[in-house]
Each structure stands twice: as structure tokens, then as C-alpha cells.
Amino acid sequence: MTEKIGEILFHPSTLIKYKDTHFFKVLLYLLILTLLTSIVPIIETLKFTGYTYANKTMIEEIYSIDFSDINNVPSCKVENNKLYCVNTSEIHELGSIYDMFTVVIDVEGKMKANENKFYIRLTENNIKISDKKMNYIIIGYDELPTSWQSFDLEAIKKAQNPEEEYFNLVVGGINELKKDFIGYEIFTKIIVMFILLLLEILFYSILFYLLIGRKMYKFKEVFKVSVFAYTLPVVIGLFFSLLNMQVLNSTLLAIITIIYMHIALMSNQIHKDDPENKE
């Protein structure tokens, strides 16, 4: 095993032998490379302890919310699993999530959608996540993160630092959700990394198939060699990421991949052209 790893990492001319590897084993190896690539993002996810007031600008951008606008937010509170507002007929937009879900206070549940968006509507008895046709799913206030199960916006307005208190209310629930769904977040990151890695390898596979491979190899053979040729770039990329050195990362890895691919695919031709191999 150690000898094989050494060949893959430091002897690119031997990579051509992997062109006949079973496709399932190639995908399994690609998954291993994905896990190596995902180590740093996974570590960062596990180290997450929650957003703080220092992240205010970032949170405002992500959720399209202006915490300094607290005085213009309706005087509402959640108590005993119900939403109470001074003006129950008022419909007020609080913000949005990645411009996909618009969060609104809609106590009486009378809001009509006029945009191609999803809505998170805070109604009197529950929260309704609705599409533009007002089809919805219901979530009770007691099912929310504990930070959101009971709050009073009017009390926040009267606080010594209402902007920060409003931020703490919003972010408190977000932090709880991130911790509750940390497993899904890690899984999603691995899937995204797998797709990105696959696209990168497909790019090099197509490039070298068009430039070199089509006269000597089938595309699937070039793809298999590309997967194994990507090992050293992945290992070096992991090393750079752990040291937080990203400046030359992508350029250097691209150069190494091109060199390894060229040596691997040309090794058969060089072997044929060697006078010692001619009868």
C-alpha cells in the first residue's frame, strides 16, 4: 500500500496503469480525495461557536436585515406560543434569507404574495412557510430554537442598546439552528466538494483527451488517469489550507496537475519510442 501511494504521489509515469481500473474503484478513490479536500471546511464547521456582534455586517448582508432599523419594527412579542402585536393588521417585512425566503410579520395571515418568492410568515398561532401561491407548511412557535420561542420587540426597543439586543435575538436562533444541523452542513459541504472536484477533473480530462489522448486512449481511460493524477495536488492543497496559505494554491496545483497528466499520458508513447523496446 505504501509503495502504491508513493508511486501515485511521486512517479507520474506509473499512473497510466490506472486507465484500466474498475470505474467503481475510481469513484471510490475520488470520494477519498473529496474527504481529504473537505478536511479543513469540516474542521472550521466543527470549531464554529456561534456568530457574535463582530459578525453584524455579514449577517445584515446575508439576511438583508438592518438592525439599526429596530425602532421601525412593529411592537410584537411571542408569548405562550402565540404572536401578539399592537397593530394586528400591519404586514411588515423583517428581512430575507439569501433573497429566497422573505420573512414577514403577518399576524392575521392575510398577506397575498405578488412575487416569485417563498415567504416565512409570522402569524398569530404559528409560522407559515409559503410559496407564491400561498401553499404552506406550518411550524409552531414551540418548535423554534429556544431563543425565538419567547421575545418582546417593544422591550428590545427600550433597551440600553436596542440594536445589539435585536441582533442577539436574531443571531441567537441562527446559532442554535447551525449547531442542530451541523451534520447536514458537513454532509452538504462534502457533496459540494465532490461535485467541484469532479468538475475540475472532468475539465483536465477533456483538455488532455483533446490535446493528447484521443489518438491513443478512450476518454474514460483519460478520466481515470486524471483522478489518480489529482492526488498530489489535493495533498498539497490540504497542506496549504491547514497553513492558511491560499495565495499560490490554485496556480501551483494547476501546474502540477498538467505536468502529471502530460507525463502519465505520454509514458506509453515514450516507452514505445525507446530503442531498447524495439525488436
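Structure shown above.
Residues numbered from 1 in each chain as written. Predicted model: local features only at pLDDT ≥ 70, side-chain atom pairs only at ≥ 80, totals over all residues. Heavy atoms only, no water.

Overview of helix H7 (residues 219-229)
Counting buried residues along H7, nine of its eleven residues qualify, which places the element largely inside the surrounding structure. Among all positions of H7, only Glu221, Val222, Phe223, Lys224, Val225, Ser226, Val227, Phe228 and Ala229 are buried. (Buried < 20%, exposed > 50% of the residue type's maximum accessible area, 1.4 Å probe, protein only. Helix = DSSP H or I, 4+ residues; strand = E, 2+ residues; numbered from the N terminus.)

A word on the packing of aromatic side chains
By the definition in use, this model includes 13 aromatic pairs. Arranged with centres 5.2 Å apart and planes meeting at 85°, the rings of Tyr53 and Phe167 form a pair that is edge-to-face. One end of the pair, Tyr53, is in the loop between helix H2 (23-47) and helix H3 (56-63); the other, Phe167, is in helix H5 (residues 162-180), with 114 residues separating them in the sequence. Taking 5.5 Å as the distance between ring centres and 80° as the angle between the ring planes, the aromatic pair formed by Phe67 and Tyr166 counts as edge-to-face. A residue pair is termed long-range when its members are at least 10 positions apart, and Phe67 in the loop between H3 and strand E1 (76-79) and Tyr166 in helix H5 qualify at 99 residues. (Phe/Tyr/Trp six-rings, centres within 6.5 Å; stacked < 30°, edge-to-face > 60°.)

Some thoughts on the side chain of Asn175
With respect to the element layout, Asn175 can be found in helix H5. Of note is the side chain of Asn175, whose polar atom sits 2.8 Å from the backbone nitrogen of Tyr51. With residues near it in sequence (within four places) discarded, Asn175 still touches Phe48, Gly50 and Tyr51. (Polar contact = N/O pair within 3.5 Å; in protein donor to acceptor, adjacent residues only side chain to side chain. Contact = heavy atoms within 4.5 Å.)

Things to note about the state of the cysteines
Disulfide: a covalent bond connecting the sulfur atoms of a pair of cysteines. Taken as a whole and assessed by the stated rule, the structure comprises one disulfide. Residue pairing for Cys76: its cysteine sulfur links by disulfide to Cys85, the two sulfurs lying 1.9 Å apart. With the S-S dihedral at roughly 110°, the linkage between Cys76 and Cys85 falls on the right-handed side. Here Cys85 falls in the buried class, since its relative accessible area comes to 11%. (Disulfide = S-S within 2.5 Å.)

Read these as geometric descriptors, not functional statements.
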